[in-house]
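Okay, here's what each chain looks like letter by letter:
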Amino acid sequence: MASTESVSQDSEKQVQELSSDVHDNDRVFVDPKAEKRLLRKLDMRLIPVLFILYLFSYLDRSNIGNAKIAGMSAELKFSKNGNDYSWLLTIFYISYILFEWCALMWKVVPPHIWAAAMVFGWGLIATMQSAAHSWKAMMALRFLLGAFEAGFGPGVPYYLSFFYMRRELGLRIGLFLSAGPLATCFAGALAYGITSGHVSIANWRLLFLVEGLPTILLASMAWFMLPDSTTTAKFLNEEDKQVARARGVRQVGGDETGPAKRIGNIVWSDIGAALLDVKNYLTAMMYFSCNVSFSSLPVFLPTILTEMGYTAINAQGLSAPPYFISFLVVIASTFIADRTGQRGITIFVLSLIGGIGYILLAATSKTAVRYFGVYLAAAGVFPAIINILPWVLNNQGSDTRRGAGIAMLNLVGQCGPLLGTRIYPGTDAPFYRLGMWTCAAFMLFNGFLAIVLRTLLVWENKRADAKYGIVEKETDGQVAAGVENEGPKFRYVL
């Protein structure tokens with residue numbers, strides 16, 4: 001009974017705080033134990049659902065690499081120089097770039113409706129790829145696939161920022177996006193199982209069917225399980241919602257029911273401010289650099305392994321282990337960056353690892369060394385690009401600026417795949433040195449940009465400290481209101 005009374009008193013205290021226009025010294029009080037209970041509930045609902053959806057998203061976009069060596073290129077009569085296949089990869093990213101602005105739709109349209117529509121759309125298109133009988137038909141389907149996937153993945157980190165504080169966001173984004181390397185790992189194992197069999201339908205067509213149909217069914221999961229906000233989440237009780245309101249005041253200076261309503265409200269002046277912020281262009285160039293490698297490795301790795309001398313079947317299986325290592329590094333690196341507040345240093349180290357991996361792939365002809373290089377490349381590229389996303393969200397001064405920052409990041413950054421998917425021409429087989437050296441250079445450039453941006457953020461934080469004074473750290477559940485929005489108490493995450 002004592003415990004129940006204590007919880008009730010905590011909840012009443014938060015209600016009183018929220019109903020008052022003036023907080024004690026402009027500070028918000030949140031019971032740490034109640035906050036942990038809320039976070040557990042959010043984690044148990046949001047992260048598994050988004051993880052599964054993104055796993056199938058990444059599976060449906062990258063399985064074309066497995067389909068290529070499973071007979072698709074021969075049946076659809078692709079050109080021997082590799083240009084036809086490269087265009088199938090490029091057209092996906094052209095539409096992905098054209099529809100990047102859809103990241104802001106997560107704020108305009110109720111998220112459960114938007115997500116369900118996007119999932120159903122790309123699932124249907126992914127399945128229809130199994131029925132393509134020409135290169136032109138496959139080109140049209142890949143364009144549509146990119147449009148629907150652009151409406152989902154790039155906006156999810158922004159969606160998560162409605163529920164989590166800055167210090168909590170990186171790990172959650174890491175858990176969500178770690179589905180990417182895991183999906184690639186899963187794609188290799190699944191493709192191995194499917195393409196090693198002998199059925200009446202072509203193996204590559206069966207691959208698209210097996211991996212596309214479940215996505216259509218998952219649209220209902222997005223509709224029924226993704227909440228639009230903490231105030232409408234059916235899996236939260238009233239106490240949880242009161243804690244969430246207090247966190248909203250702490251984060252943006254208001255709760256979901258007041259003027260700071262976070263869904264359906266865009267501040268256009270904040271979009272202008274984001275467009276004029278040089279930091280957004282630095283992170284966009286970092287995203288571009290990583291994406292050159294990020295986009296090309298999954299779709300070309302089976303081919304690269306085949307050229308190393310492995311059979312097509314063994315190449316499918318050998319492409320899986322490097323991505324499982326990458327999956328583990330993603331989770332570890334985002335956790336470390338959140339705990340230490342040193343995301344720039346984390347990205348720098350990961351970029352070096354990825355760059356060294358590509359140098360090994362480019363500089364040697366020995367199969368064992370090159371396969372080790374694949375491990376380093378995967379362990380550097382995926383975690384580096386995933387750590388860039390929370391860094392953008394961490395350092396924007398409002399919900400609208402966070403959305404604009406993500407849109408800019410993707411609009412510029414997703415141009416990287418236009419280059420990445422064109423640097424492995426068939427004429428460069430078996431070592432593809434042009435592609436390897438290009439990816440190595442961009443990974444090292446990404447590390448350089450991370451240090452430049454971190455230096456700029458350190459300088460701006462020092463200026464803010466000199467002007468407004470040093471911000472007090474959170475103590476006993478107390479923190480300043482609106483601490484994550486632009487103002488005297490806002491500081492950049494390094």
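Residues numbered from 1 in each chain as written. Predicted model: local features only at pLDDT ≥ 70, side-chain atom pairs only at ≥ 80, totals over all residues. Heavy atoms only, no water.

Per the secondary structure count, the chain includes 21 helices and two strands. Buried residues in the chain amount to 60% of all 494 residues. In the chain, 83% of the contacts between residues at least 6 apart in sequence involve partners at least 24 apart. (Helix = DSSP H or I, 4+ residues; strand = E, 2+ residues; numbered from the N terminus. Buried < 20%, exposed > 50% of the residue type's maximum accessible area, 1.4 Å probe, protein only. Contact = heavy atoms within 4.5 Å.)

Helix length check: helix H4 (residues 83-98) (16 residues) gives 22 Å between terminal C-alpha atoms against 22 Å at 1.5 Å per residue, within 8%. Judged by how many residues are buried, H4 sits mostly within the fold: twelve of 16 residues are covered. (Expected span 1.5 Å × (residues − 1).)

Once that is clear, we can look at the packing of helix H9 (residues 166-177) against helix H18 (residues 367-394). Following both chains from N to C, one finds H9 and H18 inclined at 150°, their axes separated by 9 Å at the closest point. By the angle between their directions, the pair H9 and H18 is classed as roughly antiparallel. Crossing of H9 over H18 shows right-handed handedness. Residues Arg166, Leu169, Gly170, Ile173, Gly174 and Leu177 of H9 lie in contact with H18, whose contacting residues are Ile386, Leu389, Pro390, Leu393 and Asn394. Grouping the amino acids of the contact of H9 with H18 by side-chain chemistry returns seven nonpolar, three polar and one charged. (Axes fitted to C-alpha atoms, helices over the stretch in contact; angles between N-to-C directions. Parallel < 35°, antiparallel > 145°, perpendicular 65-115°, else oblique. Left-handed = near helix turned anticlockwise from the far one by under 90°. Nonpolar A, V, L, I, M, F, W, Y, C, P; charged D, E, K, R; others polar.)

Between helix H2 (residues 32-62) and helix H7 (residues 135-150), the shortest axis-to-axis distance is 11 Å and the interhelical angle comes to 160°. Compared by their axis directions, H2 and H7 come out roughly antiparallel. For the crossing formed where H2 meets H7, the hand is left-handed. Between H2, through Ser57, Asp60 and Arg61, and H7, the contact on the second element is made entirely by Arg142, Leu145 and Glu149. Looking at the contact of H2 with H7 residue by residue, the classes come out as one nonpolar, one polar and four charged.

What the rule picks out here adds up to 16 salt bridges. Notably, a salt bridge pairs Glu239 with Arg37, separated by 3.0 Å at the nearest N-O pair. With Glu239 in helix H12 (residues 238-252) and Arg37 in helix H2, this pair connects stretches of sequence that are 202 residues apart. With its nearest N and O atoms 3.4 Å apart, the salt bridge here joins Arg245 to Glu238. Connected via shared salt-bridge partners are Glu35, Arg167, Glu168 and Arg247. (Salt bridge = Lys/Arg side-chain N within 4 Å of Asp/Glu carboxyl O.)

Mapping Val329 onto the fold places it in helix H16 (residues 321-340). Ignoring sequence-local partners within four residues, the contact set of Val329 consists of Leu350, Ala379 and Pro383.

Another aspect to go through is the nonpolar core. By size, the foremost hydrophobic cluster in this structure holds 138 residues, and its most contacted members are Leu53, Met72, Phe152, Leu160, Tyr164, Leu226 and Tyr358. Sort the elements by how many residues they give to this core and H2 lands first, with 15 residues. For Met72, the residues in contact, after removing those within four places along its chain, are Ile64, Ala67, Phe78, Leu88, Met138, Trp204 and Phe208. (Core = buried A, V, L, I, M, F, W, Y, C linked by side-chain atoms within 4.5 Å.)

Here we come to the packing of aromatic side chains. Think of a pair of aromatic rings as described by two things: how far the centres are apart, and how the planes are tilted against each other in angle. Tallied over the entire structure, the rule returns 18 aromatic pairs. Measuring from ring centre to ring centre gives 6.4 Å for Phe445 and Phe448, while their planes differ by 25°; the resulting arrangement is stacked. Here Phe448 and Phe445 lie together in helix H21 (residues 433-468), a separation of three residues that amounts to about one turn. Through a chain of ring-to-ring contacts, the aromatic side chains of Tyr54, Tyr58, Phe176, Tyr323 and Phe382 assemble into a single cluster. The ring of Tyr85 has Lys68 lying over it, and the distance from NZ or CZ to the ring centre is 5.1 Å. Cation over ring: Arg433 sits above Phe431, and NZ or CZ is 4.4 Å from the ring centre. (Phe/Tyr/Trp six-rings, centres within 6.5 Å; stacked < 30°, edge-to-face > 60°. Lys NZ or Arg CZ within 6 Å of the ring centre and 35° of its normal.)

With that settled, consider unusual backbone geometry. A positive phi angle is found at Lys77, which is not glycine, with a value near 60°. Backbone geometry at Tyr432 places phi at a positive 50°, although glycine is not the residue there. Relative to the helices and strands, Tyr432 resides in the loop between helix H20 (416-420) and H21. Owing to a relative accessible area of 5%, Tyr432 belongs among the buried residues under this scheme.

Next up on the list: the environment of Met128. Positionally, Met128 belongs in helix H6 (residues 111-128). A relative accessible area of 41% places Met128 in the partly exposed class. Through-space distance from the C-alpha of Met128 to that of Arg205 is 9.5 Å; in sequence the pair is 77 residues apart.

In this section: the side chain of Thr90. Locating Thr90 in the fold gives a position in helix H4. When sequence neighbours within four positions are dropped, the list of residues in contact with Thr90 reads Leu418, Thr421 and Arg422.

Turning our attention to a nonpolar patch on the surface. On the surface, Ile113, Trp223, Phe224 and Met225 cluster together into a nonpolar patch covering about 410 Å² of accessible area. Positionally, Trp223 belongs in helix H11 (residues 203-225). (Patch = residues over 30% accessible without salt bridge, like charges linked within 9 Å, V, L, I, M, F, W, Y side chains within 5 Å. Areas by Shrake-Rupley, 256 points an atom, 1.4 Å probe, with all protein chains shown as cover.)

On to the confidence of the model for the chain, then. The pLDDT averaged across the chain works out to 83; a share of 86% of its residues lies at or above 70. When the elements of the chain are averaged for pLDDT, helix H1 (residues 2-19) gives the smallest value, 42, and H6 the largest, 96. Overall, residues 1-25 carries pLDDT values under 50, and its contacts beyond four positions in sequence, including any with other chains, amount to 23 contacts. (pLDDT = per-residue confidence, 0-100.)

What follows deals with the side chain of Gln414. Within the secondary structure, Gln414 sits in the loop between helix H19 (399-413) and H20. Here Gln414 is in contact with Tyr93, Tyr96, Ile97, Glu100, Tyr287, Asn291 and Leu409, once residues within four sequence places are set aside.

Counting through the fold element by element, Pro322 comes out in helix H16. When its relative accessible area of 0% is taken as the criterion, Pro322 is described as buried. Pro322 sits 138 residues away from Thr184 along the chain, and the two C-alpha atoms are 9.4 Å apart. Ignoring sequence-local partners within four residues, the contact set of Pro322 consists of Tyr371, Val374, Tyr375 and Ala378.

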